[in-house]
Amino acid sequence: MIRMRGRLRETEVEVDIGPNDFSTLLETMCIVDRQAAMQAMSVELARQIQTQPDRDAGTAAAARSALHELAAENYAKKPYGQDEEERIVMDGVAALNSELSKQEGR
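Analysis parameters
Residues numbered from 1 in each chain as written. Predicted model: local features only at pLDDT ≥ 70, side-chain atom pairs only at ≥ 80, totals over all residues. Heavy atoms only, no water. Salt bridge = Lys/Arg side-chain N within 4 Å of Asp/Glu carboxyl O. Helix = DSSP H or I, 4+ residues; strand = E, 2+ residues; numbered from the N terminus. Patch = residues over 30% accessible without salt bridge, like charges linked within 9 Å, V, L, I, M, F, W, Y side chains within 5 Å. Areas by Shrake-Rupley, 256 points an atom, 1.4 Å probe, with all protein chains shown as cover.

Q: Would you take a moment to explain the pattern of salt bridges for this structure?
A: Two side chains bearing opposite charge may form a pair once their charged atoms approach each other closely. The tally for this structure, following the rule as stated, stands at five salt bridges. Between Glu 44 and Arg 47 there is a salt bridge; the shortest N-O distance is 2.7 Å. Of this pair, Glu 44 and Arg 47 both sit in helix α1 (residues 22–77), three residues apart, roughly one helical turn. Between Glu 104 and Arg 64 there is a salt bridge, with its nearest N and O atoms 3.0 Å apart. Of this pair, Glu 104 sits in the segment after α2 (84–103) while Arg 64 sits in helix α1, placing them 40 residues apart in sequence.

Next comes the structure, spelled out in structure tokens:
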């Protein structure tokens, strides 16, 4: 917020932040107010730790889906009669994905 001649005026700022900027941002936050920065970081870190199992499950599900899609694409690309190996792989991937989903309770 910028104060000009006794009045408050809002200013919007757009910043592109990437992973290489994280340590600099954290350092700057600590320079401005170390206690507030440490408090905010600890709260966020605790929240991220709590959500990790769901993130891991989502990542695993996306990987299984991508693997199945790849197997299905490879099967579809092969001419009829020359696709036996691709069909076996596709069916095997589907069976493994089904078994993993059952084990995860999905």
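We are not done yet, so read on.
Q: Sorry, what's going on with a nonpolar patch on the surface here?
A: Among the surface-exposed residues, Val 13, Val 15, Ile 17, Phe 22, Leu 25, Leu 26 and Met 29 lie close enough to one another that they form a single nonpolar patch of about 650 Å² accessible area. Mapped onto the secondary structure, Phe 22 falls in helix α1.

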